[in-house]
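# Structural features, examined
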Amino acid sequence: MNSQVLEKARQYEQIGEGRIREEARPLFHLAARTGWMNDPNGFSFYKGNYHLFYQYHPYDSHWGPMHWGHGVTKDLIHWEYLPAAMAPDMPYDRDGCFSGSAVELDDGRQLLMYTGVVKEVQPDGSKREIQTQCIAVGDGLNYEKYGENPVLTRTDLPEGGSPFDFRDPRIWREGDGTFRCVAGNCTDDKDGRILEYRSSDGIHWSFERILAENRGRFGKMWECPDLFHLDGKQVLLVSPQDMLARDLEYDNGNGTLCLIGHLDPDTGCLVEESNQAIDYGIDFYAPQTVLAPDGRRIMVGWMQNWDTSKVRYREHLWFGQMTLPRELSLKNGRLFQQPVREIEGLRRDKTEYRQVLVEGEISLDGISGRTVDMELTLWPEDREEGYHRFAVRFARDQRFYSEVSFRPRESVVKIDRKYSGSPLAILQQRRCRVASRNGELKLRIILDRFSAEIFINDGEQVMTMTIDTDLTAEGISFLADGRTVMDVAKYSLG
Ligand code: FRU
């Protein structure tokens, strides 16, 4: 039996969805069915479908008491909405069902593990959120919360662990069938760390170890951990709050961090070998991965930014979308990301030009649109002389455009939405340093109406941003300061 709170949300979302025109949504990115979406949750492959749940407030396009929205897909491109999976309807989660994850049980049911939030008055009179980990079990459509929730509480924290920041359990099964999970936590002075727990049945848990610790390096509280093997290494993804910018690698605010290393055979703790940002754009947070049946490790992130998502210059009936699912790999100690290959099934109408000289600004017949997959390879016309700058402008009309540009002498790629139509004094640009020899660069640009995802040098860096430019702005142009030559292949997606 579903609660009234969940039934109300399920009824409401059908009405809300009906008010949104198909063209007012992204074509192939999962967006809020109606209202607000943040983090991906429970990304899993279950009974023949990929399931992707999400932090969801159906009643408003702003954050509110968290429900779990639910989408399914067979190919990671064509999404279908299912009814909301969970609502904040129990004493232990009445102020929100926060982020979590999913695994399949031996009996074929699916187990969701999530954070239950309750606001409680503290001894000093302040009201604070107490966060605990909870369980629900279901069949891919309806989920029943476990009668003895929560399953992990403040008494399961190691010394100094804050019960106010204890969230986002990421569950998996070991080869022997036992369960593990990692969750975000911080010390009393807000220094992030990742806790690991174990269980034989997915319900009764015990603290195992502090898997990784920030020690004041990357922001403060660490949210939304994900831990997996990839190409012979152990990878930990986390989303640190309150980061300070560091060179062009990390930017201010809520950022993302990929720690690559191995597990210490004695302690089981992560031994870090390298660190990097996950996405170098403006809108990317809280990524989660799934192991596909064919062995690919596939990641999606929330295609938004906590700071800029709070200030908008126009309102829509939906807010928040996921990135395109991305295939992960490691090369030379770095995380590479490629759009899932299934996107190629949407490609139509190839337009291709080879060895086009770009000098000043040009446009090319057949190259325009807001649902686009475009690959570019650049090099200087004169290897000695090089060029100063190359740029692609998209979502372009007489007045507006967004841009990705490259300065070969600095090896810096920049995305810029300053001229996309936003009148707000918010983050509109970001830069990242790329590996480039002799002014050569590869770009793959994926546009889906309200977003641009830019894969640089076969996915060594990705820069993601949303744009809210009117859909009538669909021009694409190429610019060079100096003389650049490019090969370009462009497909419409649809
Ligand atoms: C990250 C986050 C999570 C939390 C959720 C709440 O974006 O703050 O830590 O579970 O969002 O919606």
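For the structure, check the block above.
These lines cover the structure that appears in this document, whether it is placed above or below.

### Remarks on the overall build of the protein chain
For the protein chain, the count of helices and strands is 2 helices and 31 strands. By the compact-globule yardstick of 23 Å for 494 residues, the protein chain fits well, its C-alpha radius of gyration being 23 Å. The principal-axis extent of the C-alpha atoms belonging to the protein chain is close to 70 × 55 × 45 Å. Of all 494 residues assigned to the protein chain, the portion counted as buried reaches 61%. Across the protein chain, the fraction of contacts at a sequence separation of at least 24, relative to all contacts at a separation of at least 6, is 59%. Carbon and sulfur atoms form 46% of the exposed surface of the protein chain, whose accessible area is close to 19800 Å².

### Description of the nonpolar core
Phe390, Phe478 and Met486 are the most contacted members of the largest nonpolar core, which has 52 residues in total. Formed by 31 residues, the second largest nonpolar core is a distinct cluster that contains Ala31, Ala292, Met322 and Leu346.

### Some points on the sheet that holds strand E6 (residues 110-121)
What the 4 strands build is an open sheet, ordered E5-E6-E7-E8; its pairing is antiparallel. Edge strands, defined here as strands with exactly one partner in the open sheet, are strand E5 (97-104) and strand E8 (143-145). The average undirected angle you get between the axes of adjacent strands in this sheet is 30°. Pairing of E6 with strand E7 (residues 127-138) involves 12 bridges; the strand directions are antiparallel. Each residue of the ladder has a partner; that of Met113, found in E7, is Ile135.

### Brief notes about helix H1 (residues 4-18)
Taking 1.5 Å per residue as the helical rise, H1 with its 15 residues ought to reach 21 Å, and the 21 Å between its terminal C-alpha atoms agrees with that figure. Listed as buried for H1 are Leu6, Ala9, Arg10, Glu13 and Gly16. Across the axial projection of H1, the buried residues extend over an arc of 130°, all falling on one side. Relative to its buried face, H1 has exposed residues pointing more than 90 degrees away, namely Gln4, Lys8, Gln14 and Gly18.

### Details of the layout of surface pockets
Its volume calculated, the largest pocket comes out at about 820 Å³. Elements represented by at least two residues in the lining of the largest pocket include exactly strand E1 (35-46), E5, strand E9 (161-173), strand E11 (192-199), strand E12 (205-213), strand E13 (222-230) and strand E17 (285-291). Per-element accounting of the lining of the largest pocket gives the leading share, 5 residues, to E13. Taken as a whole, the second largest pocket holds about 540 Å³ of empty space. For the lining of the second largest pocket, the elements supplying multiple residues, two or more each, are E1, E5, E7, E9, E13 and helix H2 (306-309). Looking at which element gives the most residues to the lining of the second largest pocket, the answer is E9, with 4 residues. Grouping the amino acids of the lining of the second largest pocket by side-chain chemistry returns 8 nonpolar, 8 polar and 12 charged.

### Focus on the pairing of strand E21 (residues 334-339)
Here E21 lies mainly inside the structure; 5 of its 6 residues are buried. Pairing geometry for strand E20 (residues 326-331) and E21, over 6 bridges, is antiparallel. Bridged to Arg326 within E21 is Pro339. Hairpin connection from E20 to E21: 2 residues lie between these consecutive antiparallel strands, with Asn332 at a positive phi of about 50°.

### Some details on the side chain of Asn41
Position of Asn41 relative to the elements: it lies in strand E1. You can call Asn41 buried: its relative accessible area is 0%.

### A few points about the packing of aromatic side chains
As enumerated under the stated definition, the model contains 16 aromatic pairs in all. Judged by centre distance (5.4 Å) and plane angle (50°), the rings of Phe53 and Trp68 are tilted. Here the residue Phe53 occupies a position in strand E2 (residues 49-57), and Trp68 occupies one in strand E3 (residues 67-73), the gap between them amounting to 15 residues. Here Phe53 matches Trp68 in class, with each residue buried. Counting every residue linked through ring pairs, the aromatic cluster contains Trp36, Trp302, Trp306 and Phe319. A cation over an aromatic ring shows up here: Arg312 above the ring of Phe319, its NZ or CZ 3.6 Å from the ring centre. When the ring centre of Phe336 is taken as reference, the NZ or CZ atom of Lys331 above it lies at 4.4 Å.

### Side note on empty space enclosed by the protein
Tallying each qualifying case throughout the model produces 2 cavities of 30 Å³ or more. Around the largest cavity sit 24 residues that line it, and Gln304, Phe319, Thr466, Ile467 and Asp468 are the ones nearest its centre. Of the residues belonging to the lining of the largest cavity, the class tally is 10 nonpolar, 9 polar and 5 charged. Lining the second largest cavity are Asp39, Pro40, Asn41, Ser99, Gly100, Asp168, Pro169, Cys224, Pro225, Ala286, Pro287 and Gln288. Listing elements by their share of the lining of the second largest cavity, those giving two or more residues are E1, E5, E9, E13 and E17. Partitioned by chemical class, the residues of the lining of the second largest cavity number 6 nonpolar, 4 polar and 2 charged.

### Describing the environment of Asn49
Within the secondary structure, Asn49 sits in strand E2. For the pair Asn49 and Lys74, spaced 25 residues apart in the sequence, the C-alpha separation amounts to 5.1 Å. Every residue in contact with Asn49, bar those within four places of it in the chain, is listed here: Ser44, Val72, Thr73 and Lys74.

### A few points about the site of the ligand
If you check the shell around the ligand, you find 13 residues, and the closest are Asp39, Gln55, Arg167, Asp168 and Glu223. At 2.6 Å from an oxygen atom of the ligand is found a side-chain nitrogen or oxygen belonging to Asp168. Separating an oxygen atom of the ligand from a side-chain N or O atom of Trp306 is a distance of 2.9 Å. Out of a free accessible area of 320 Å², the ligand has 95% covered by protein chains. Breaking the shell around the ligand down by element, the ones donating at least two residues are E1, E5, E9 and E13.

Rules of the game
- Residues numbered from 1 in each chain as written.
- Predicted model: local features only at pLDDT ≥ 70, side-chain atom pairs only at ≥ 80, totals over all residues.
- Heavy atoms only, no water.
- Helix = DSSP H or I, 4+ residues; strand = E, 2+ residues; numbered from the N terminus.
- Rg over C-alpha atoms; globule rule 2.2 N^0.38 Å.
- Buried < 20%, exposed > 50% of the residue type's maximum accessible area, 1.4 Å probe, protein only.
- Contact = heavy atoms within 4.5 Å.
- Areas by Shrake-Rupley, 256 points an atom, 1.4 Å probe, with all protein chains shown as cover.
- Core = buried A, V, L, I, M, F, W, Y, C linked by side-chain atoms within 4.5 Å.
- Pairing = 2+ DSSP bridges.
- Axes fitted to C-alpha atoms, helices over the stretch in contact; angles between N-to-C directions.
- Expected span 1.5 Å × (residues − 1).
- Arc of directions from axis to C-beta.
- 1 Å grid on protein atoms, 1.4 Å probe; cavity = no way out; pocket = protein on both sides within 12 Å on 5 of 7 lines; lining within 4 Å.
- Points joined across faces, edges and corners; volume = space filled by probe spheres on them.
- Nonpolar A, V, L, I, M, F, W, Y, C, P; charged D, E, K, R; others polar.
- Phe/Tyr/Trp six-rings, centres within 6.5 Å; stacked < 30°, edge-to-face > 60°.
- Lys NZ or Arg CZ within 6 Å of the ring centre and 35° of its normal.
- Near = heavy atom within 4 Å.
- Polar contact = N/O pair within 3.5 Å; in protein donor to acceptor, adjacent residues only side chain to side chain.

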